[in-house]
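Examining the three-dimensional arrangement
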Amino acid sequence: MTAADPVKVMKQEVGKAAAALVQSSSIVGLGTGSTTAYAIQFIGDRLKSGELKDIVGVPTSFQAEVLAKQYGIPLTTLDAIDHIDIAIDGADEVDPQKNLVKGGGAAHTREKVVDYLAERFIVVVDGGKLVDRLGAAFPVPVEVIPMAVNPVMQAIKKLGGKPELRMGVRKAGPVITDQGNMVIDVTFDTIENPVDLEKILNNIPGVLENGIFVNCVDKVLIGEVIDGQPTVREM
Ligand code: 5RP
């Protein structure tokens, strides 16, 4: 018998810890990514066992929608509700102020809508996502309408960023988002002020949304493998 992959077990544990924060009769934002996928699975398990009742989910992507259906979580849309109680989502970088870079799965536009609406936004990451400063390890994803890719790239270069159109894996051509747009990944030497950069990027004509999330996180749950043992701690 092969031993369980400790990274997978750690992601499961942090997903389980986040799922445990969901209460009955709540509207839950369902994030995107490999870590959140476990939270969705465990919310489904809690519903199935009867421990949780009367939950509806708001998916942040096609992936989240498929997983929610697979694990039996009823879904709703933002047209049908007036608030979200709790959202659980992953991140690609987390700084000491709990600001994030998101969009590794090209879902940051819908994620930002749902996560920002939530009364409690819980982030689930592994320890490798913690950075002293945003932009240190991961480029900032910028969703752009297709006809504006070239001018947006030029504008980003003038800001000092290095833009790269995200290409598909096992699909020829660029990544197309759930909204039918493209993603430009932007590397900055340093991001001095994420609050300003988020606004500046979104002000470029043709940009739909970027992956900098500021002042919106309530709790960061961090999964780590220490001495071969998966652990979860709060930031
Ligand atoms: C998708 C995201 C994800 O939440 C982020 O990329 C983290 O994913 P993972 O848990 O697989 O590392 O922002 O757009």
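A brief look at the structure comes next. Since the model is a prediction, treat every value here as computed from it, not as a measurement.

1. Quick word on the sheet that holds strand S2 (residues 56-59)
The 6 strands are arranged S2-S1-S3-S6-S12-S13 in an open sheet whose pairing can be described as mixed. With one partner strand each, in any of the chains shown, S2 and strand S13 (229-234) form the two edges of the open sheet. Between one strand axis and the next, the sheet turns through 20° on average, direction left out of account. Pairing analysis gives 5 bridges linking strand S6 (residues 118-126) to strand S12 (residues 219-226), with the strands arranged parallel. Within S12, the residue paired with Val125 across the bridge is Ile222. The sheet contacts of helix H1 (residues 6-19) involve strand S3 (84-89), S6, S12 and S13, and relative to S12 the element is tilted by about 150°. Running at roughly 125° to S6, helix H4 (residues 108-117) makes contact with strand S1 (27-30), S2, S3 and S6 of the sheet.

2. Re the pattern of salt bridges
Taken as a whole and assessed by the stated rule, the structure comprises 11 salt bridges. A salt bridge links Glu111 to Lys102; the shortest N-O distance between them is 3.2 Å. Overall, Glu111 belongs to the buried group, its relative accessible area being 2%. Since its relative accessible area comes to 2%, Lys102 is described here as buried. For Glu198, the salt bridge identified is with Lys112, shortest N-O distance 2.5 Å. Of this pair, Glu198 sits in helix H6 (residues 194-202) while Lys112 sits in helix H4, and the two are 86 residues apart along the sequence. Here Glu198 matches Lys112 in class, with each residue buried. A network of salt bridges, in which partner residues are shared, links Asp89, Lys102 and Glu111.

3. Re the site of the ligand
Lining the immediate environment of the ligand, one finds 17 residues, of which Thr32, Ser34, Thr35, Asp92 and Lys129 sit closest. Ser34 is positioned such that a nitrogen or oxygen atom in its side chain is 2.5 Å from an oxygen atom of the ligand. Contacts to the ligand include Thr35, whose side-chain N or O atom sits 2.6 Å from an oxygen atom. Summarising the interface, the protein chains cover 90% of the accessible area of the ligand, which totals 380 Å² for the free molecule. Looking at the shell around the ligand, the elements that each hand over two or more residues are helix H2 (34-49) and H4. Partitioning the shell around the ligand into residue classes produces 3 nonpolar, 9 polar and 5 charged.

4. Observations concerning the environment of Val124
On the secondary structure map, Val124 appears in strand S6. On the basis of relative accessibility, which here comes to 0%, the residue Val124 falls in the buried class. In this structure, the C-alpha to C-alpha distance between Val124 and Lys219, residues 95 residues apart in sequence, is 8.7 Å. Setting aside anything within four residues of it in sequence, one finds Val124 in contact with Val14, Ala18, Thr35, Thr36, Ile88, Asp89, Gly90, Ala91 and Leu221.

Conventions used here
Residues numbered from 1 in each chain as written. Predicted model: local features only at pLDDT ≥ 70, side-chain atom pairs only at ≥ 80, totals over all residues. Heavy atoms only, no water. Pairing = 2+ DSSP bridges. Helix = DSSP H or I, 4+ residues; strand = E, 2+ residues; numbered from the N terminus. Axes fitted to C-alpha atoms, helices over the stretch in contact; angles between N-to-C directions. Contact = heavy atoms within 4.5 Å. Salt bridge = Lys/Arg side-chain N within 4 Å of Asp/Glu carboxyl O. Buried < 20%, exposed > 50% of the residue type's maximum accessible area, 1.4 Å probe, protein only. Near = heavy atom within 4 Å. Polar contact = N/O pair within 3.5 Å; in protein donor to acceptor, adjacent residues only side chain to side chain. Areas by Shrake-Rupley, 256 points an atom, 1.4 Å probe, with all protein chains shown as cover. Nonpolar A, V, L, I, M, F, W, Y, C, P; charged D, E, K, R; others polar.

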